Amino acid sequence: MVTVERAARVLSLNNSDAAKALARWRHQGWLTRVKRGLYVAVPVDAATAERALDNAWILIPDLFGPAYVGGWSAAEHWDLTEQIFRDICVFTARPITKRHQLLHNIPFVVTHAALEHHFGTKPIWTKDKKILVSDPAKTMVDMLSEPWTGGGIQHVAACLSHFFKSDQFNSDQVVDYATRLGNGAVFKRLGYLAQQMLGATHSLTAACEARLSKGNAQLDPALKGNRLITRWHLFLPKGLSLEAGTE
C-alpha cells in the first residue's frame with residue numbers, strides 16, 4: 001500500500017510532487033488507485049491493474065483503521081458458516097458517512113464501533129500487514145448486538161448453532177464479552193437462543209437470564225416482532241424460522 005505521505009517521505013519530496021509522481025506511475029500502469037491518496041502496486045505478472053489485489057483484507061488498516069474484520073466476514077473466517085458473502089464486514093472506530101462502500105471494485109460494509117469495543121480480536125498477517133479479526137466469541141456477540149452484521153437473525157442463529165458445537169465455544173468468555181459490550185439486547189437474544197439450543201438449565205442460559213435489563217427488545221430490529229417472550233423481554237417476528245433445534 002502506498003500513500004502520498006509515505007511516498008513523499010521515501011522519495012524526499014514534498015506532498016505535491018509525490019502526488020504527481022504517484023499519478024504518473026498510475027498512468028504508466030505501475031500503480032492502481034484504491035481511493036484518493038491511496039495506491040497499491042501492480043505486480044508484474046498481474047493481467048490488469050484491477051487484479052493487483054489477491055487479498056482485499058490488506059486494504060482495511062489503511063482505509064478504515066483502527067478497525068477489525070467482523071460480522072459475517074469473521075464468521076466465514078472461523079468456519080461458523082458455509083454461506084459466502086461478497087461484501088467484507090468491517091468495524092471501525094472512525095466516523096462513517098456511508099455504510100456501503102465500493103473501493104477498488106471491492107464492496108465493504110462498514111459500521112462504527114467505539115475504540116473501547118475493539119476487544120476480543122486476533123491478528124492475521126497478510127503480506128506483512130496485520131489485520132485484526134474478531135475472535136469467534138466476539139464475532140457472535142457483535143452479531144447478536146447488531147443482527148444485520150451477521151446477515152440477519154436467521155443466519156446469526158445458524159452461526160451460533162455451529163459455535164455452540166465447536167471447540168471454540170467458551171460460555172464464560174461469551175458472557176464476559178457481552179458484559180463489556182454493554183448492550184442489554186445481547187443477553188436477551190443470546191439467552192433466548194441458548195435456551196432453545198442448549199437447554200433451559202444450561203449455565204449460559206442461566207447467566208443470560210441473571211443479566212437481563214429492563215425493557216423489551218426485538219429479536220431482530222429489521223423484523224418487527226408481534227409476539228412477546230416475557231421470560232426474555234423479547235419480541236419475536238411472526239413465522240420466523242430459525243436454525244433447526246430452535247422454535
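Because the structure is a prediction, the values reported are computed rather than measured. (Residues numbered from 1 in each chain as written. Predicted model: local features only at pLDDT ≥ 70, side-chain atom pairs only at ≥ 80, totals over all residues. Heavy atoms only, no water.)

(A) Representation of the overall build of the protein chain within the structure. For the protein chain, the helix and strand inventory stands at nine helices and twelve strands. With respect to the three principal axes, the spread of C-alpha positions in the protein chain is 65 × 35 × 35 Å. Counting only residues that meet the buried cut, the protein chain has 49% of its 247 residues in that class. Within the structure as shown, the protein chain displays about 12,600 Å² of accessible surface, and the carbon and sulfur contribution to it stands at 50%. Measuring between centres, the 28 positive side-chain charges of the protein chain sit 8 Å from its 22 negative side-chain charges. (Helix = DSSP H or I, 4+ residues; strand = E, 2+ residues; numbered from the N terminus. Buried < 20%, exposed > 50% of the residue type's maximum accessible area, 1.4 Å probe, protein only. Areas by Shrake-Rupley, 256 points an atom, 1.4 Å probe, with all protein chains shown as cover. Lys, Arg positive; Asp, Glu negative; His and termini not counted. Charge placed at Lys NZ, Arg CZ, Asp CG, Glu CD.)

(B) Quick peek at the side chain of threonine 3. Locating threonine 3 in the fold gives a position in strand β1 (residues 2-3). Here threonine 3 is in contact with Leu22, Gly37 and Leu38, once residues within four sequence places are set aside. (Contact = heavy atoms within 4.5 Å.)

(C) Structural view of the environment of histidine 100. Relative to the helices and strands, histidine 100 is located in strand β6 (residues 100-103). Overall, the relative accessible area of 54% leaves histidine 100 in the exposed class. Placed twelve residues apart in sequence, histidine 100 and isoleucine 88 show a C-alpha to C-alpha distance of 9.8 Å.

(D) Focus on helix α6 (residues 153-165). Taking 1.5 Å per residue, 13 residues should reach 18 Å; α6 reaches 18 Å between its end C-alpha atoms and fits that length. The element α6 is extensively covered by neighbouring structure, given that ten of its 13 residues are classed as buried. Of the positions making up α6, those classed as buried are Ile153, His155, Val156, Ala157, Ala158, Cys159, Leu160, Ser161, Phe163 and Phe164. The secondary structure elements touched by the buried residues of α6 are α4 (71-77), α5 (136-145), α7 (171-181), α8 (184-198) and α9 (203-210). (Expected span 1.5 Å × (residues − 1).)

(E) Fine view of the packing of aromatic side chains. By the definition in use, this model includes seven aromatic pairs. For the ring pair tryptophan 72 and phenylalanine 85, a centre distance of 5.1 Å and an interplane angle of 15° mean the geometry is stacked. Within this pair, whereas tryptophan 72 is found in helix α4, its partner phenylalanine 85 is found in the loop between α4 and β5 (88-92), the two being separated by 13 residues in sequence. Among the residues examined, tryptophan 72 registers a relative accessible area of 7% and is labelled buried. Judged by centre distance (6.2 Å) and plane angle (35°), the rings of phenylalanine 163 and phenylalanine 164 are tilted. Through pairs of rings, three or more aromatic residues link up here, namely Phe163, Phe164 and Phe169. A cation over an aromatic ring shows up here: lysine 138 above the ring of phenylalanine 119, its NZ or CZ 4.8 Å from the ring centre. (Phe/Tyr/Trp six-rings, centres within 6.5 Å; stacked < 30°, edge-to-face > 60°. Lys NZ or Arg CZ within 6 Å of the ring centre and 35° of its normal.)

(F) Summary view of the pattern of salt bridges. Across all of its chains, the model carries five salt bridges by this definition. Taking the shortest distance from any N to any O, the salt bridge between aspartate 62 and arginine 6 comes out at 2.8 Å. In this pair, aspartate 62 is assigned in helix α3 (residues 60-64) and arginine 6 in helix α1 (residues 4-11), connecting sequence segments 56 residues apart. Judged by relative accessible area, which is 16%, aspartate 62 ranks as buried. Between lysine 138 and aspartate 142 there is a salt bridge, with its nearest N and O atoms 3.0 Å apart. Linking lysine 138 with aspartate 142, this pair stays in helix α5, spanning four residues, or about one helical turn. What makes lysine 138 buried here is its relative accessible area of 0%. Bridged by salt links that share partners, the residues Arg6, Asp62 and Lys129 form one connected network. (Salt bridge = Lys/Arg side-chain N within 4 Å of Asp/Glu carboxyl O.)

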